[in-house]
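Residue strings, one per chain:
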Amino acid sequence: MATRFIFLSFCLLFSSTLTISNAKIFPTFPSSRITPEKLSSLISNSKDSQGLYKTKYHTQILDHFNYNPQSYQTFQQRYLINDTHWGGSKNNAPIFVYTGNEGDIEWFAQNTGFMYDVAPKFKALLVFIEHRYYGKSIPYGGNKEIAYKNASTTGYLSSTQALADYASLIIDLKKNLTATDSPVVVFGGSYGGMLAAWFRLKYPHVAIGALASSAPILNFDNIVSPYSFSNIITQDFRSVSENCYKVIKGSWKQIEETAKKPGGLEKLQKAFRISIDDPKTGNDVFAKLYGAASVYYNYSGTAKCFDLNGDSDPHGLSEWGWQACTEMIMLTGGDNKDSIFEESEEDYDARARYCKEAYGVDPRPNWITTEFGGHKIGLVLKRFASNIIFFNGLRDPWSGGGVLKNISKTVLALVEKEGAHHVDLRFSTKEDPQWLKDVRRREVEIVGKWISQYFQDLAQ
């Protein structure tokens, strides 16, 4: 069954504007990759002698919400900082903070080019905070074996603890910089976008606004259909290539039947050889699928084989499984009859059994909406929320759980039908389409209004 979830990434990659997750049962989020040329340019042009950012650490408390003796343990939380364009604390210049995702913060700092692009305009200090239990921000003295040992030690990994980390670090950083009056705007994409939106809701005294890109905050508690994820994937495939859609949709039964036959697995192994659009493949479905798989697993052409179940985790994403088994219960596994996958229903019970076996915990499917809301989101946020931008590209399957309509004059939805996953936060290039340039211009305009209003209020 793992093969089924892997192939959904491939055909979309034929279009440069499309990206997609490669798992559905315990979904993770896709991220862009910065080009070596762009990173090299940024480093060479930076006044920071250490390159694109300086690495620092903040002594963070293990548990913000209890007063048990163990709660007072501390760990070193990593954050990255770039002050190349900062106007300084004397001018109350703004601070732009990236709310770190489920992985190594350097990966996200190197791929969130929008913040670097706009820093000169706002004279902003850039800060990228690493999420606890990821990268090098590991509790228990940085010992992963202890931190990930069991539920008693991994239990401090949660979105609420992470948000409290960010608030504590930002307040302490501003104090150390003598910048208590500098306005803070938080940015985030994907899970980081969810955190950015939730941070603004939970800590409005710390951040004056949030840009939440591709943040599926409604993918919980049956607010949206469990078919939404697959429906968007299916539409994306068909919009790029009807043939690609038909090939993959028709392949599942054929793969399963072949695998059951004597020598079937060997046949499948040998079949994945040529590009899906190579005319030499003829009607060989497996050869076409190999070509699709190569885009993801062998884009350099140097890989000798595909490790579909490898343990490689170059970006430190491994602990997402814990979060997906506790609070981040995003139900995206349903497939209707038109789906590119075989028709199926969301199987929550299977997830719950797995989580109990793997981590010894029962999922809490209602916790996110209890803690942050989600039901009747327009009515609720209209009453008390402000200064949040939700960007969603409709080619992104996660957009099915995104905020797609303006909620108020200051809680805004920017929606683009050609948009991919948090594409607005990536580095700008000459090849960017006009709609993407317009989105970024609009985001800059809105953030500028937040900051201007803040200084007007500060002067009163």
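See the structure printed just above.
Residues numbered from 1 in each chain as written. Predicted model: local features only at pLDDT ≥ 70, side-chain atom pairs only at ≥ 80, totals over all residues. Heavy atoms only, no water.

1. A look at the pattern of salt bridges
Right, on to step 1. One pass over the full model with this rule turns up 11 salt bridges.
Right, on to step 2. With a closest N to O distance of 3.3 Å, R78 and E106 form a salt bridge. Pair noted here: R78 is in strand β2 (residues 74-82) and E106 is in helix α3 (residues 105-109), with a separation of 28 residues, a long-range link.
Right, on to step 3. On the accessibility criterion, R78 (1% relative accessible area) is buried.
Right, on to step 4. The partner of R78 in a salt bridge is E130, with the nearest N and O atoms 2.6 Å apart. In this pair, R78 sits in strand β2 while E130 sits in the loop between β4 (125-129) and α5 (144-147), placing the two residues 52 residues apart along the sequence. Taken as a pair, R78 and E130 share a single burial class, namely buried.
Right, on to step 5. What you see here is one network of salt bridges that share partners, running through R78, D104, E106 and E130. (Salt bridge = Lys/Arg side-chain N within 4 Å of Asp/Glu carboxyl O. Helix = DSSP H or I, 4+ residues; strand = E, 2+ residues; numbered from the N terminus. Buried < 20%, exposed > 50% of the residue type's maximum accessible area, 1.4 Å probe, protein only.)

2. With respect to the sheet that holds strand β5 (residues 184-189)
Right, on to step 1. Spatially, the 8 strands line up as an open sheet ordered β1-β2-β4-β3-β5-β6-β7-β8, and their pairing is mixed. Across the chains shown, the open sheet's two edge strands, defined by having one partner strand only, are β1 (54-61) and β8 (411-416). Taking each pair of neighbouring strands and ignoring which way they run, the sheet shows an average axis angle of 20°.
Right, on to step 2. In terms of strand pairing, β1 meets β2 through 8 bridges, oriented antiparallel. When the bridges of β2 are listed, H58 appears paired with Q77. (Pairing = 2+ DSSP bridges. Axes fitted to C-alpha atoms, helices over the stretch in contact; angles between N-to-C directions.)

3. Re the environment of Y79
Right, on to step 1. You can see Y79 is positioned in strand β2.
Right, on to step 2. Residue contacts for Y79: discarding those within four places in its chain leaves K54, T55, K56, Y57, H58, V127, F128, I129, L169 and L173. (Contact = heavy atoms within 4.5 Å.)

4. A word on the packing of aromatic side chains
Centre distance and the angle of the planes are the two values used to describe a pair of aromatic rings.
Right, on to step 1. Summed over the entire model, instances satisfying the criterion amount to 16 aromatic pairs.
Right, on to step 2. On the basis of an interplanar angle of 65° and a centroid distance of 5.5 Å, the ring pair of F96 and F122 is categorised as edge-to-face. With F96 in strand β3 (residues 95-99) and F122 in helix α4 (residues 113-122), the pair connects residues that are 26 residues apart, well separated along the chain. Residue F96 shares its accessibility class with F122, and that shared class is buried.
Right, on to step 3. Seen from their ring centres, F114 and F187 are 6.3 Å apart, and the 55° between their planes marks the pair as tilted. Taken together, the residues F114 in helix α4 and F187 in strand β5 connect sequence positions 73 residues apart. The pair formed by F114 and F187 is uniform in burial state, with each residue classed as buried.
Right, on to step 4. Counting every residue linked through ring pairs, the aromatic cluster contains Y98, W107, F108, Y116, F128 and F427. (Phe/Tyr/Trp six-rings, centres within 6.5 Å; stacked < 30°, edge-to-face > 60°.)

5. Side note on a nonpolar patch on the surface
Right, on to step 1. Taken together, the side chains of L394, L404 and V415 make up a nonpolar region of the molecular surface, amounting to roughly 200 Å² of accessible area.
Right, on to step 2. With respect to the helices, strands and loops of the structure, L394 is situated in the loop between β7 (388-393) and β8. (Patch = residues over 30% accessible without salt bridge, like charges linked within 9 Å, V, L, I, M, F, W, Y side chains within 5 Å. Areas by Shrake-Rupley, 256 points an atom, 1.4 Å probe, with all protein chains shown as cover.)

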